[in-house]
Amino acid sequence: MTEFTLPPKPKKTPWQKMRPYIIGIILLAIYIWTFTSIEIRWSRVFSQHTIESLTRVIPQLFSPDWSAFGKVMGLMWETLLMAYTGTLMAAILAIPFGFFAARNMVRNKFLNTASKWALNAIRAFPELVLALMFVAAVGPRPFAGVIAIAIGSIGMLGKLYSEVIESIDMNVVEALEANGANKLQVLVYGIIPQIIPEFLSYAIYRFEIDVRASTILGIIGAGGIGTLITIATTNRNWSEVGLILLVIIVVVTLIDIISAQIRKRLV
Amino acid sequence: MSKTNQPTLQGISSNKTKLRISAIFIIIVGFYLFTSIKTESSLLDLWNGKNGFINIAQSLFPPHWSYASTVMPQLIETLHMAIIATTVAALISIPISLLSAANLFPNPFIHQPVRFIMNVLRTIPDILLALIFVGIFGVGVFPGIMALIIFSLGLLAKLLYETIESIDMNPIEAIRASGGNTLQVITYAVMPQVLPQFVSFGLYVFEVNVRASLVLGFVGAGGIGLLLNQQVSWANYPNVMTIIIIIFISVVIIDYISNKIRERLI
Amino acid sequence: MIEFKDVSLVYPNGTQGLKNINLQINPGEFVVVVGLSGAGKSTLIRSINRLVKPTGGDLLIDNENILNYGSRELRKLRTKVGMIFQNYNLVKRSSVMKNVISGRLGHTGTLRSMFNLYPKEDLALAYRSLERVNIADKLYQRSDQLSGGQQQRVAIARVLTQQPNIILADEPVASLDPPTSHQVMTYLRKVNKEDNITTIVNLHFIDMAMEYADRIIGMRAGEVVYDGPVSDVNEATFEEIYGRKIRDEDRVGGSEDE
């Protein structure tokens, strides 16, 4: 058989030729930097201590301490109340943000950009960081957690709301304006009917997220079941942690299922 | 509909709809009043507590800039934790998401249990995982990384298997028909179709992990959270503000870069 | 040689796909299977490479009953049976070359194939296959940049790279316009004559069947209702197979002699 060579590959620009190498080098540099500077104390990770903890902690996690059930459920209930309060506050307070950020509602570039930036800024922080600040401001109580949840949710809901508003059918609005409707009438008859189902759906979706977020706020003293987590782990009461874990998994899953059902019917 | 010549109109919507909407409205508002009193978070509490917020806000300024040199190494450690966790989770999520895809493994005894485990993992808050791992492995970045890996694994596996289930099955049939085995089907027909999304989801999960790793230090699992918690409890607010600004800038930059890359991928 | 001996197929939902099929297809024949959609044409040819598994009877290829094959023997069988699909079934994001070389997968170890380590002969074979369907210039293009007819030619090249004894084509021109359809059928016919590859094609256009086939098999409701050389076939035969009058939509048109 004669010597065979495939035809040459099509000519590439220098940038196209170099691109995979540049990406490769950047990635390699990031990984080398990461793995050389991260300080993992392997001697502690693979120590006698770890083996002892593993054999103690894991079995206890899987044998929940049911005697604490009443206490755990009480605090889980408080967690749900916190999430509800925070989400509802945010669901309402996010509406003006949504309108200000929507280009088709407020025709003022400065206001649009300012609201979008404010919403983005909020979303840069995890709820737990917000909660930490609010605990410092108003003391360790559920109130701090609720405000953290509310503010965090405004960041996301405001953005989603503005996207919903920007996607509405403006012909309806135009038709109403042509009929001589005033601004408020246009809002009530032309805009609100178009946005209500999606607003509600997003608010309920955010409630799911807030339930998850609320479960851990107590770790820094902002109320809810997290309070119990801190106590139980400090006391190394792992079977109680096991029960808390189980309750969180079941409740969060149930809320997700119910909320998905409601949202499916809404939109 | 009334059958008389003169229909009895009930306004724009039927009485039934009106009743239902009013009932739902009353329940939502009523429950809110109940929960806001129960959690001591009513608008009245907000008004009464306003001084607390104002005082904190005032004491945050001016930020203590020279503290930034202490914060930066911790920030970098936080990023490293997120990088390692995302990489490991991405590698593990490949086989797991393939096993969870009903179009590749139609046998429900394979994909259902895998999905169930991933669903459970996603419901456990990462900081709670971190607390447990700190209990096992002691204080440090390792438990933090472990917590991030497990949480992001659940998230990534779900995003990925949904992508795999939506791929074009025709090439798979072609590769099977030409005698390819399962691994060859995956490398030749599945991977090329899902790779861009896979990278995109990896970047998204990295964004999530960066945010999550910021707070792991609250429970001793490494990163910048340790400093934040410490400075807040010492009421050293100018330092706190420095940390907040640094967190803000780095999160915004990372999100921006990640979004730009993801836009170009798909 | 392919022999169907009383082959039946019932799908899990109870639909009868094939009913007591008895056929003998000789090496090098160009057989066109005609019938309305749902007549069982697709099931018939997919039985030959076991993409579907008949539930009764014997299906012999070179005197071996393929219905008893385990997964290893099945893969070996499939390397010898190439298949062309209505929707081309290329990996759209991959290059033409990568799609064509995937015809060698059955002959290549898993590890080698994962790292694209193909022997030179395989690459040469893939390139020559592309040349045979006149599309070698698109070698490094992404498949989704090609037109439908070009994609189907790439699919033919992929099958040629397999070096099969049998080619199965399931409605290969159903998604193409008339001139492109004729082009694709001409390539299939050319390959069949040059390499003496047994070729079985499903079609529902009667004029195409008449033009390219050596032999026509007519199917209705899972049964073979006609089997004979193309010279014996006329419009009445098709009306019998279809169980209704021939309509305009049963012809593709656009043939050179029109």
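Check the entry above for the structure.
Source: prediction; values computed, not measured. (Residues numbered from 1 in each chain as written. Chains lettered and ligands numbered in written order. Predicted model: local features only at pLDDT ≥ 70, side-chain atom pairs only at ≥ 80, totals over all residues. Heavy atoms only, no water.)

A. Inspection of the interface of chain C and chain A at higher detail. Taken residue by residue, the interface counts 9 residues in chain C and 8 residues in chain A. Together, the buried faces of chain C and chain A total about 750 Å²; carbon and sulfur atoms form 80% of this surface. Linking chain C with chain A are 0 salt bridges. The interface formed by chain C and chain A includes 0 residue pairs in polar contact (both at pLDDT 80 or more). (Contact = heavy atoms within 4.5 Å. Buried area = accessible area lost by both parts, 1.4 Å probe. Salt bridge = Lys/Arg side-chain N within 4 Å of Asp/Glu carboxyl O. Polar contact = N/O pair within 3.5 Å; in protein donor to acceptor, adjacent residues only side chain to side chain.)

B. Quick look at the sheet that holds strand S1 (residues 2-10) of chain C. All names here are of chain C. Reading across from one edge, S2-S1-S4-S5 is the order of the 4 strands in this open sheet, with antiparallel pairing throughout. Edge positions in the sheet fall to strand S2 (16-25) and strand S5 (64-65), since each has one partner strand and no second. Alignment of S1 against strand S4 (residues 56-61), held across 5 bridges, turns out to be antiparallel. Within S4, the position partnered with Phe4 by the bridge is Leu59. (Pairing = 2+ DSSP bridges. Helix = DSSP H or I, 4+ residues; strand = E, 2+ residues; numbered from the N terminus.)

C. Spatial organisation of the nonpolar core. Membership of the largest hydrophobic core comes to 111 residues, with the highest contact counts inside it found for Phe218(B) and Leu228(B). The greatest single-element share of this core, amounting to 11 residues, is contributed by helix H11 (residues 238-266) of chain A. One finds Ile186(B), Leu160(C), Ala213(C) and Ile216(C) within the second-largest nonpolar core, a separate group that totals 66 residues. (Core = buried A, V, L, I, M, F, W, Y, C linked by side-chain atoms within 4.5 Å. Buried < 20%, exposed > 50% of the residue type's maximum accessible area, 1.4 Å probe, protein only.)

D. Fine view of the packing of helix H4 (residues 69-101) of chain A against helix H5 (residues 109-123) of chain A. Residues and elements named next belong to chain A. Contact geometry for H4 and H5: axes closest at 7 Å, N-to-C directions at 135 degrees. With respect to each other, H4 and H5 are oriented oblique. Seen along the crossing, H4 lies across H5 with a hand that is left-handed. In this structure, H4 contributes Phe97, Phe100 and Ala101 to the contact, and H5 contributes Leu111, Asn112, Ser115, Lys116, Ala118 and Leu119. (Axes fitted to C-alpha atoms, helices over the stretch in contact; angles between N-to-C directions. Parallel < 35°, antiparallel > 145°, perpendicular 65-115°, else oblique. Left-handed = near helix turned anticlockwise from the far one by under 90°.)

E. Structural context of empty space enclosed by the protein. Residues and elements named next belong to chain B. For the structure on display, the rule yields 4 cavities of 30 Å³ or more. The computed volume of the largest cavity comes to approximately 50 Å³. Ile94, Ser97, Leu98, Leu160, Ile164, Val190, Met191, Val194 and Phe198 are the residues that line the largest cavity. Of all the elements in the fold, those that place two or more residues in the lining of the largest cavity are helix H4 (68-100), helix H7 (141-165) and helix H9 (182-216). Looking at which element gives the most residues to the lining of the largest cavity, the answer is H9, with 4 residues. Within the lining of the largest cavity, the residues separate by chemical class into 8 nonpolar, 1 polar and no charged. (1 Å grid on protein atoms, 1.4 Å probe; cavity = no way out; pocket = protein on both sides within 12 Å on 5 of 7 lines; lining within 4 Å. Points joined across faces, edges and corners; volume = space filled by probe spheres on them. Nonpolar A, V, L, I, M, F, W, Y, C, P; charged D, E, K, R; others polar.)

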